[in-house]
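# Per-entry structural report
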Amino acid sequence: MVAYGLLALGLSTVLALVTWSVVSDYLTEQRESSAMVETSDNAAAFHYGLFGAPQPCKPARERAECGSPTPDHNVSVMDLLNSLPSTDSAASMVYFEEHWYSLTGKPADLPADFIDTVRNGHSAQRRITVGGQQVLAVGVPLSRPGEAFFEWHPLDSLDKTLQTLKITLIVAAVVTALIGLAVGRLASTLALRPLAELTRVADAVARGQLDARLDAESDRDLGGLARSFNQTAANLERRVAADARFAGDVSHELRTPLMTMLNSMQLIQNHRGELPDPVREPVELLGDDLDRFRRLVIDLLEISRDDGGDQGSREIVRIAHLVRAAADGMAGREVTTVAPEAEGLTLQADKRRLERVIANLVENAEDHAGGCKGVGVEAGGLGVVITVDDAGPGIAVEDRDRIFERFGRGETSGRGRGVGLGLAIVARHVEWHHGTIRVEDRPGGGARLVVELPAKIS
């Protein structure tokens with residue numbers, strides 16, 4: 001687009017300069033020629049009125065009788081100047097019989113060398129400034145040596161014409177450059193439309209829409225690229241689906257032995273008092289690990305369900321009630337505070353997924369960040385803002401995206417926070433609801449996880 005604009009500006013500038021040079025020279029030459037003709041005609045009229053019609057000289061043998069014309073002294077020079085034909089000259093003056101005669105203007109305004117040139121028998125013209133105004137001074141010699149007729153002609157109309165021409169050419173150059181920019185933008189848009197489509201589809205694939213494909217396989221320039229991209233996307237989709245099926249199958253297969261181990265552990269814990277002291281501590285540790293194993297299997301089932309394309313089901317959910325039930329139930333105490341304006345907010349949501357979001361955030365705060373300090377529900381943002389505060393050391397800025405990755409770990413937090421799939425599931429479920437999640441610092445210390453969802457008053 002910039003190249004088109006610069007090319008149009010360059011061409012229009014060259015054309016404008018050439019046009020200005022040719023037209024301005026032509027108009028100036030025409031004005032000077034017109035002024036010279038008018039001055040010459042007025043000088044001839046002055047001469048005729050003063051001397052009468054010129055008489056032809058006699059043959060050579062009588063040439064002595066042919067001398068300089070004799071003026072009629074009964075004719076007033078000033079009257080002659082007044083009787084000259086009306087022209088566009090601003091001043092007329094004549095140097096006659098060693099005296100200056102003028103209607104308007106002052107001979108002193110004429111340059112001395114200019115006067116000398118004309119009095120020496122040469123017609124001349126020159127631009128001069130009189131009273132702050134540019135004029136064209138024109139002088140023609142009269143029939144008798146040393147006498148001359150002068151006029152000056154205003155150049156206002158010529159200057160205005162040239163100024164108008166200059167402005168017109170500048171505006172034309174600017175308009176042409178803008179048109180060039182517009183044409184360049186249109187051309188670049190048309191030329192790069194396949195690449196824009198490629199960018200859009202690639203972004204969709206990057207955001208998890210693995211069935212996105214390019215429709216440019218028949219394009220002459222991008223057909224090969226489109227086919228390669230579509231094949232890569234199809235392979236990726238099959239690979240992700242296979243991985244999701246594998247994770248789901250493994251999780252399902254693990255559920256039976258896991259339930260057996262959990263039931264056996266429960267039985268052992270019911271008879272913990274009968275166990276010898278050295279065995280009790282390993283049994284408790286084994287119970288904790290089995291509980292973590294149970295949560296991991298549940299998370300694997302959840303995320304494999306999403307990877308497998310589970311669309312879920314939407315229903316109208318009252319957010320305040322759902323958050324209270326999920327957060328307080330997970331924390332085992334009342335941790336939820338709902339602002340009055342948020343009590344009536346509802347959302348078209350998958351109730352299971354949304355409950356899982358709140359439960360995972362509270363569980364993460366309880367298990368990895370020193371405990372949940374509170375859960376807040378307020379109106380704002382996309383519609384509703386849900387905050388989960390913890391009592392931990394906070395999360396470093398460089399780790400705030402990493403903790404939402406699968407098995408992500410906040411390397412600089414020093415606590416190993418976010419290990420597992422809990423926060424990755426949260427991010428997936430929030431995105432499924434067209435919401436956002438981010439990490440902030442909690443006033444007073446700790447971290448605050450902020451979820452925004454598109455909600456409205458029912």
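Coordinates for the structure precede this section.
This write-up is about the structure you can find in this document. (Residues numbered from 1 in each chain as written. Predicted model: local features only at pLDDT ≥ 70, side-chain atom pairs only at ≥ 80, totals over all residues. Heavy atoms only, no water.)

Scanning the protein from N- to C-terminus turns up nine helices and 13 strands. Residues classed as buried in the protein amount to 38% of the 458 residues present. Of the roughly 26000 Å² that the protein leaves accessible, carbon and sulfur atoms contribute 55%. (Helix = DSSP H or I, 4+ residues; strand = E, 2+ residues; numbered from the N terminus. Buried < 20%, exposed > 50% of the residue type's maximum accessible area, 1.4 Å probe, protein only. Areas by Shrake-Rupley, 256 points an atom, 1.4 Å probe, with all protein chains shown as cover.)

In this section: the nonpolar core. Ranked by internal contacts, the top residues of the largest apolar core, which has 38 residues, are I319, I358, L361, V375, V384, I386 and L453. Of all the secondary-structure elements, those providing two or more residues to this core are α7 (319–331), β8 (345–349), α8 (351–368), β9 (372–380), β10 (383–390), α9 (422–432) and β12 (447–453). Top contributing element to this core by residue count: α7, with seven residues. When residues no more than four places from it in sequence are discounted, the contact partners of I358 are L322, V323, A326, A327 and I386. Counting 14 residues, the second-largest nonpolar core is a separate cluster that includes I115, V130, A137 and W152. (Core = buried A, V, L, I, M, F, W, Y, C linked by side-chain atoms within 4.5 Å. Contact = heavy atoms within 4.5 Å.)

So, on to the pattern of salt bridges. Summed over all chains, the structure comprises eleven salt bridges. In this structure, D113 engages R126 in a salt bridge whose closest nitrogen and oxygen atoms are separated by 3.1 Å. Of this pair, D113 sits in helix α3 (residues 112–119) while R126 sits in strand β3 (residues 124–130), and the two are 13 residues apart along the sequence. For D113, a relative accessible area of 43% puts it in the partly exposed group. A salt bridge links R448 to D389, with the shortest nitrogen-to-oxygen separation between them at 2.7 Å. With R448 in strand β12 and D389 in strand β10, this pair connects stretches of sequence that are 59 residues apart. The exposure class of R448 is partly exposed, given its relative accessible area of 22%. You can call D389 buried: its relative accessible area is 11%. Among the ionic contacts, a cluster of salt bridges with common partners joins E97, R144 and E147. (Salt bridge = Lys/Arg side-chain N within 4 Å of Asp/Glu carboxyl O.)

With that settled, consider the packing of helix α1 (residues 2–51) against helix α4 (residues 156–206). Axis separation between α1 and α4 bottoms out at 8 Å; the angle between their running directions is 165°. Of the possible angle classes, the one that applies to α1 and α4 is roughly antiparallel. Remark: the crossing between α1 and α4 carries right-handed chirality. (Axes fitted to C-alpha atoms, helices over the stretch in contact; angles between N-to-C directions. Parallel < 35°, antiparallel > 145°, perpendicular 65-115°, else oblique. Left-handed = near helix turned anticlockwise from the far one by under 90°.)

With that settled, the discussion passes to the sheet that holds strand β13 (residues 456–457). Taken in spatial order, the three strands make up an open sheet running β6-β8-β13, and their pairing is antiparallel. Of all the strands in the sheet, the pair left with one neighbour each is β6 (315–318) and β13. As defined by bridge partners, β6 adjoins β8 across four bridges and the pair is classed as antiparallel. For E315, the partnering residue across the bridge sits in β8 and is A349. (Pairing = 2+ DSSP bridges.)

Turning our eyes to something else, we now look at the packing of aromatic side chains. Enumeration over the complete set of coordinates arrives at five aromatic pairs. Ring geometry for F46 against F96: centres 6.4 Å apart, planes inclined by 85°, an arrangement best described as edge-to-face. Of this pair, F46 sits in helix α1 while F96 sits in strand β1 (residues 91–96), and the two are 50 residues apart along the sequence. F96 matches F46 in its accessibility class, with the two residues each being buried. Ring centres of F114 and F150 lie 6.0 Å apart, and the angle between their planes is 55°; on these two criteria the pair is classed as tilted. (Phe/Tyr/Trp six-rings, centres within 6.5 Å; stacked < 30°, edge-to-face > 60°.)

To continue, consider the sheet that holds β9. Spatially, β7-β9-β10-β12-β11 is the arrangement adopted by the five strands of the open sheet, whose pairing is mixed. Pairing within the sheet leaves two strands with one partner each, and these edge strands are β7 (336–338) and β11 (436–441). Within this sheet the neighbouring strands show an average axis-to-axis angle of 20°, counted without direction. In terms of strand pairing, β7 meets β9 through three bridges, oriented parallel. Paired with T336 across the two strands is V375, which belongs to β9. Strands β9, β10, β11 and β12 of the sheet are contacted by α8, whose axis makes an angle of about 25° with β10.

Let us look at unusual backbone geometry. Most peptide bonds are trans, and most residues other than glycine sit at a negative phi. A positive phi angle, near 50°, is found at E97, a position not held by glycine. With respect to the element layout, E97 can be found in the loop between β1 and β2 (99–102). Classification of E97 by relative accessible area gives partly exposed; the value is 30%. In the Ramachandran plot, H434 falls in the positive-phi region, its phi being about 60° despite a non-glycine side chain. With respect to the secondary-structure elements, H434 resides in the loop between α9 and β11.

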